[in-house]
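Below are the chains, spelled out letter by letter.
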Amino acid sequence: MRIITFGTFDVFHVGHLRIIERAHMLGDYLIVGVSTDAMTFEKKGRDPVYNQSERMEIISALRYVDEVFSEESLDLKRQYIQTFQAAMLVMGNDWAGKFDEFKDICRVVYLPRTPSISTTAVIEKIRKP
Ligand code: C2G
């Protein structure tokens, strides 16, 4: 089964790794949409630490990932699911309910987030002496 997931994956950490690993285990071909820098700025109100080509390079190197593309806009999700012929959309449960509208074209699964880690927490930890 073809699985699709999306994310910014900035300052790559174990929470990112675990959702990608769990998404991979649910099927046999994993496609990952990585947010563009412009989309990230729109979504988070700040530029990512790692630019989009660096973030895509990191995701592409993971053994769980079969294909990577750049996600240009939140509004194109239906189109991406169809273009990549994904049978399941996997997202962390911080997005719970947000993508239920796509249940007409694929299965939509929200997995629990890894507790106590986020890009923001990593940045804060490095900042603090
Ligand atoms: N994640 C997780 N555990 C964490 C942190 C993140 O499981 N501790 C998951 C998120 O739930 C998401 C994925 O990792 O499914 C990527 O997270 P982000 O890089 O924060 O991406 P986000 O801004 O949620 O982008 O189209 C949807 C967006 O592009 C998703």
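What comes next concerns the included structure. Chains are numbered independently. Their residues run from 1 in the order of the written sequence. This being a predicted model, a pLDDT of at least 70 is required before a residue's local features are given, and a value of 80 or more before pairs of side-chain atoms are given or counted; all residues contribute to the totals for chains, interfaces and linings. Side-chain calculation: all heavy atoms of the structure are included, whereas hydrogens and water are not.

**Overview of the overall build of the chain**
In step 1: Counting its secondary structure elements, the chain contains 5 helices and 5 strands.
In step 2: Under the DSSP-based scheme used, a helix requires at least four consecutive residues in state H or I and a strand at least two consecutive residues in state E, with every element numbered from the N terminus. In the chain, the succession of α and β elements from N to C terminus is β-α-β-α-α-β-α-β-β-α.
In step 3: C-alpha atoms define the radius of gyration, and 2.2 Å times the number of residues to the power 0.38 defines the globule rule. What you see for the chain is a C-alpha radius of gyration of 14 Å, in line with the 14 Å of a compact globule of 129 residues.
In step 4: Between two residues, a contact is recorded if the distance between any of their heavy atoms is within 4.5 Å. Across the chain, every contact between residues at least 6 apart in sequence was considered, and the portion connecting residues at least 24 apart equals 62%.

**Some thoughts on the site of the ligand**
In step 1: Note on terminology: near, applied to a residue and a molecule or strand, indicates that one of the residue's heavy atoms is within 4 Å of it. Taken together, 22 residues lie near the ligand, and Glu71, Lys77, Asp94, Trp95 and Ile117 sit nearest.
In step 2: Pairing of N or O atoms within 3.5 Å defines a polar contact, subject to two protein rules: one partner must be a possible hydrogen donor and the other a possible acceptor, and residues neighboring in sequence count only if both atoms are side-chain atoms. In the model, an oxygen atom of the ligand is placed 3.3 Å from a nitrogen or oxygen of the Ser35 side chain.
In step 3: Contact distances for the ligand include 2.7 Å between a nitrogen atom and a backbone N or O atom of Ile117.
In step 4: The protein chains hide 96% of the 620 Å² of surface that the ligand would expose on its own.
In step 5: Elements that contribute at least two residues to the shell around the ligand include exactly strand E1 (2-7), helix H1 (14-25), helix H2 (37-44) and strand E4 (88-92).
In step 6: Grouping the constituent residues of the shell around the ligand by class yields 8 nonpolar, 8 polar and 6 charged. Per-residue accessibility takes into account occlusion by the displayed protein chains alone, with areas from the Shrake-Rupley method and a 1.4 Å probe. Basically, the charged four are Asp, Glu, Lys and Arg, the nonpolar ten are Ala, Val, Leu, Ile, Met, Phe, Trp, Tyr, Cys and Pro, and anything else, Gly included, counts as polar.

**Description of helix H3 (residues 52-60)**
In step 1: For H3, the full list of buried residues reads Arg55, Met56 and Ile59. Taken down its axis, H3 places every buried residue within 100 degrees of arc, on the same side.
In step 2: Residues of H3 that are buried make contact with H1, strand E2 (29-35), H2 and strand E3 (67-71).
In step 3: A distance of 3.1 Å separates the backbone nitrogen of Ser53 from a side-chain oxygen at the start of H3, and that oxygen is part of Asn51. For every residue, the accessible area (1.4 Å probe, protein chains only) is compared with the maximum for its type, and the residue is labelled buried under 20%, exposed over 50%, or partly exposed between those bounds. Throughout, the arc means the angular range of directions from the helix axis out to the C-beta atoms.

**Description of the packing of aromatic side chains**
In step 1: Only centres within 6.5 Å qualify two rings of Phe, Tyr or Trp (six-membered ring in Trp) as a pair; their planes then separate them into stacked at under 30 degrees, edge-to-face at over 60, and tilted for everything else. Inspection of the entire model under this criterion finds 6 aromatic pairs.
In step 2: Ring geometry for Phe6 against Phe69: centres 5.9 Å apart, planes inclined by 85 degrees, an arrangement best described as edge-to-face. One end of the pair, Phe6, is in strand E1; the other, Phe69, is in strand E3, and 63 residues separate them in sequence. The same class applies to Phe6 as to Phe69, namely buried.
In step 3: One aromatic cluster in this structure is built from Phe6, Phe69, Tyr80 and Phe84.
In step 4: Over the face of the ring belonging to Phe6 we find Lys77, whose NZ or CZ atom lies 4.2 Å from the ring centre. For a ring to carry a charge above it, either NZ of a lysine or CZ of an arginine must fall within 6 Å of the ring centroid while also lying within 35 degrees of the normal to the ring plane.

The values are spatial; any link to function lies outside them.
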